[in-house]
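This is what each chain is made of:
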Amino acid sequence: ERLVERLEKAVERLEMVCQRPGMCEDGSSKGVAQYVQAFDALLAGPVAEYIKISKEVGGDVQKHAEMVHAGLMSERALLVMASQHQQPAENAFSSLLKPISEQLQVVQNFREKNRGSKLFNHLSAVSESIPALGWVAMAPKPGPYVKEMTDAAMFYTNRILKEYKDVDKKHVDWVKAYLSIWTELQAYIKEYHTTGLTWSKTGPVATEGSKSPSAPQAGAAPPPPGPPPPPAPAPTSSSTDDSASRSALFAQINRGEGITSGLRHVSDDMKTHKNPALKNQGGPVRSGPKPFTAPKPACNANNPSPKTSPKAPALLELEGKKWRVENQENASNLVISDTELKQVAYVFKCTNSTLQIKGKINSITLDNCKKLGLVFDDVVGIVEIINSRDVKVQVMGKVPTISINKTDGCHVYLSKNSLDCEIVSAKSSEMNVLIPTEGGDFTEFPVPEQFKTVWNGQKLVTTVTEIAG
């Protein structure tokens, strides 16, 4: 919270500087640039609606929305500067991006610190798409970049819609309001910044010093130092000095044969491979650099190894309506028995373990698990397997949908009552579905991973490829 306050103060100082006569192009005499006004309309429309509904939802969603708003305000400050300054050098521009980059990290860190939140899908949807604010550093296609980031949020927003569609319309409205921010931003970029951030053609060249007063105001704390530029900026070259060095190097190379004119001739009597006696003269023989090897930490009985980090505590508990099973290792008989229809189970980072869920439950999510066996009776919603490896799932009763995403190695054992189950997979491999036979055994069927797409004259047609044995 203190970091957010400091960022907001930094943004206020930046705006005050650009409103002073002489500090920015014509001061405030010409008013705010048209594309800044358009961005303000976006803040007053979709963003304001998103903030409003987030407050109604409350809790972690409200806190997250405040962080998102701080990031948008940092971006507005950069747009104000761009409207009043000429484009700076690339190294100076990286410094100007620091407030936005820092706020992106704040938003994403909040999600990582609250994995047990009841509104984790909301936090994930925001964290996966918030890098869209880095469009200001993208060229020549900032609009498609925002679209790509928006698509990254769809996986989680679809889960929110499915969970709250018939339960709480407020969360459905939240999804619509949040996604509309990025939809409107794409339209805004298409109109004002089609090939990249638009800079003023007049006024001073923007520098790092332009974004804040040369000396802090009395009683005001200096803005915090920022981290590296946003996670997905346009590829930037080295500093101006590096560019000059490269230019000089190419100029030397372009001299052709003349580049060797300054070299001194070495005669045979000066060559060590033809005169071994020279190797023993003049002190030790000079050798090239040694390959890099990581230094070995000194053993200290009192201090733990720097590579050793404390393990997160293993959990198996009911928190509200959510069963949390986290960080279990080598646990072969985990059981959840007292279940209710409205409860969900979230299994996170469990390794080499087995879990049995008895009774009927709303949904089950396996996230970041390895070598996990899951056996359950009935699920009325969906079973999701995400970012996992070598997992086995067995249905004893009935389940309507099983979703497999970013998972390598997944065996699904269906029961006779769940043969109509829909299995949806994406970015996954080594998937097999096992169907029960009359004799009580299972017949294994692989899930296709390779597809062929062709244009039939009107639309794209995708079929499973035939893999030759």
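Residues numbered from 1 in each chain as written. Predicted model: local features only at pLDDT ≥ 70, side-chain atom pairs only at ≥ 80, totals over all residues. Heavy atoms only, no water.

The name an unreviewed UniProt entry assigns to the protein chain is Adenylyl cyclase-associated protein, from the organism Stercorarius parasiticus. Under the Sequence similarities (unreviewed entry) heading, UniProt states for the protein chain: "Belongs to the CAP family." Under Subunit (unreviewed entry), UniProt gives the following word-for-word description of the protein chain: "Homodimer. Binds actin monomers." (UniProt positions renumbered as here; feature names shortened; annotations may be inferred.)

> Teacher, can you tell me more about the overall build of the protein chain here?
The number of helices and strands found in the protein chain is nine helices and 16 strands. Considering only contacts in the protein chain between residues 6 or more positions apart, those separated by 24 or more positions represent 43%. As presented, the protein chain carries roughly 27400 Å² of accessible surface, and 53% of it is formed by carbon and sulfur atoms. (Helix = DSSP H or I, 4+ residues; strand = E, 2+ residues; numbered from the N terminus. Contact = heavy atoms within 4.5 Å. Areas by Shrake-Rupley, 256 points an atom, 1.4 Å probe, with all protein chains shown as cover.)

> It is not clear to me how the packing of helix α5 (residues 98–113) against helix α6 (residues 120–129) should be interpreted in this structure. Could you clarify?
Angle between the axes and distance between the axes: these two values describe a pair of packed helices. At their nearest, the axes of α5 and α6 sit 9 Å apart, and the two run at 150° to each other. Put simply, α5 runs roughly antiparallel to α6. When the axes of α5 and α6 are compared, the crossing they make is left-handed. Contact with α5, carried on its side by Val-107, Gln-108, Phe-110 and Arg-111, involves Phe-120, Leu-123, Ser-124, Val-126, Ser-127 and Glu-128 of α6 and no other residues of that element. Looking at the contact of α5 with α6 residue by residue, the class counts come to five nonpolar, three polar and two charged. (Axes fitted to C-alpha atoms, helices over the stretch in contact; angles between N-to-C directions. Parallel < 35°, antiparallel > 145°, perpendicular 65-115°, else oblique. Left-handed = near helix turned anticlockwise from the far one by under 90°. Nonpolar A, V, L, I, M, F, W, Y, C, P; charged D, E, K, R; others polar.)

> What is the right way to look at the sheet that holds strand β2 (residues 322–326) in this model?
Note: strands within a sheet are paired through backbone hydrogen bonds, in either parallel or antiparallel orientation. The sheet built from seven strands is open, its strands ordered β1-β2-β4-β6-β8-β10-β12 with mixed pairing. The strands lining the two open edges of the sheet, one partner per strand, are β1 (315–319) and β12 (422–426). Going from strand to strand, the sheet's axes swing by 10° on average, the running direction of each strand aside. As paired strands, strand β8 (residues 382–386) and strand β10 (residues 401–405) are joined by five bridges and run parallel to one another. (Pairing = 2+ DSSP bridges.)

> What is the right way to look at the pairing of strand β11 (residues 408–413) in this model?
Consecutive side chains of a regular strand alternate in pointing toward one face of the sheet and then the other. Across five bridges, the pairing between strand β9 (residues 389–395) and β11 is parallel. Residue pairing for β11: Val-391 is matched across the bridge by Cys-410. With five bridges joining them, β11 and strand β13 (residues 429–436) adopt parallel strand pairing. Pairing of Val-412 across the sheet is with Val-433, part of β13.

> Is there a simple way to think about unusual backbone geometry in this case?
One can expect most non-glycine residues to show negative phi and most peptide bonds to be in trans. For the bond running from Ala-139 to Pro-140, omega is 10°, close enough to zero to count as cis. One can find Pro-140 in the loop between α6 and α7 (142–164). A positive phi is found at Asn-387, a non-glycine position, where the angle reads about 50°. Mapped onto the elements of the fold, Asn-387 is located in the loop between β8 and β9. Residue classification places Asn-387 among the partly exposed residues on the basis of a relative accessible area of 34%. Of note, Glu-430 is a non-glycine position whose phi angle comes to about 55°, a positive value. (Buried < 20%, exposed > 50% of the residue type's maximum accessible area, 1.4 Å probe, protein only.)

> Even after reading the chapter, I still don't get a negative patch on the surface, so can you show me in this structure?
Taken together, the side chains of Asp-390, Asp-408, Glu-430 and Glu-449 define an acidic patch exposed on the protein surface. Locating Asp-390 in the fold gives a position in strand β9. Taking the relative accessible area as the measure of exposure, Asp-390 reaches 36% and is therefore partly exposed. (Patch = residues over 30% accessible without salt bridge, like charges linked within 9 Å, V, L, I, M, F, W, Y side chains within 5 Å. Salt bridge = Lys/Arg side-chain N within 4 Å of Asp/Glu carboxyl O. Lys, Arg positive; Asp, Glu negative; His and termini not counted. Charge placed at Lys NZ, Arg CZ, Asp CG, Glu CD.)

> What exactly am I supposed to notice about the pairing of strand β15 (residues 451–455) here?
Across five bridges, β15 lies against strand β16 (residues 460–464) in antiparallel orientation. Following the sheet pairing, Lys-452 is matched in β16 by Thr-463. The turn linking β15 back onto β16 is made up of four residues, and Gly-457 within it adopts a positive phi angle of 100°.

> Is there a simple way to think about the packing of aromatic side chains in this case?
The description of an aromatic ring pair rests on the distance of the ring centres and on the angle between the ring planes. Applying the stated criterion across every chain yields a total of twelve aromatic pairs. The interplanar angle of 50° and the centroid separation of 5.3 Å between the aromatic rings of Tyr-50 and Tyr-178 together place this pair among those described as tilted. You can see Tyr-50 sitting in helix α2 (residues 34–57) and its partner Tyr-178 sitting in helix α8 (residues 169–192), a full 128 residues away along the chain. With a relative accessible area of 0%, Tyr-50 lands in the buried category. (Phe/Tyr/Trp six-rings, centres within 6.5 Å; stacked < 30°, edge-to-face > 60°.)

> For this particular structure, what's the right way to read the side chain of Arg-115?
In this structure, Arg-115 sits in the loop between α5 and α6. Overall, Arg-115 belongs to the buried group, its relative accessible area being 19%. In terms of polar contacts, Arg-115 uses its side chain to reach the side chain of Glu-112, at 3.3 Å. (Polar contact = N/O pair within 3.5 Å; in protein donor to acceptor, adjacent residues only side chain to side chain.)

> Just checking my understanding: could you explain α2 for this structure?
One full turn of an α-helix is made of 3.6 residues, so residues set three or four places apart face in the same direction. If you check α2, its first and last C-alpha atoms are 34 Å apart, about what 24 residues at 1.5 Å a residue would give, namely 34 Å. The largest bend along α2 reaches roughly 40° and is located at Val-47. The positive-phi residue at the C-terminal boundary of α2 is Gly-58, with phi of around 75°. (Expected span 1.5 Å × (residues − 1). Bend = angle between axes of the 7 residues up to and from the residue.)

> How should I be thinking about the nonpolar core in this particular structure?
Side chains that are nonpolar tend, in soluble globular proteins, to be buried together. In this structure, Tyr-50, Trp-135, Trp-174, Trp-182, Leu-185, Tyr-188 and Leu-197 are the most contacted members of the largest nonpolar core, which totals 58 residues. Put simply, the parts of the chain that give this core at least two residues each are α2, α3 (59–84), α4 (90–96), α5, α6, α7 and α8. Every residue in contact with Leu-197, bar those within four places of it in the chain, is listed here: Leu-78, Leu-79, Ala-82, Phe-93, Trp-135 and Val-136. If you look at the next biggest cluster of nonpolar residues, it comprises 33 residues, including Trp-323, Leu-334, Leu-355 and Val-447. (Core = buried A, V, L, I, M, F, W, Y, C linked by side-chain atoms within 4.5 Å.)

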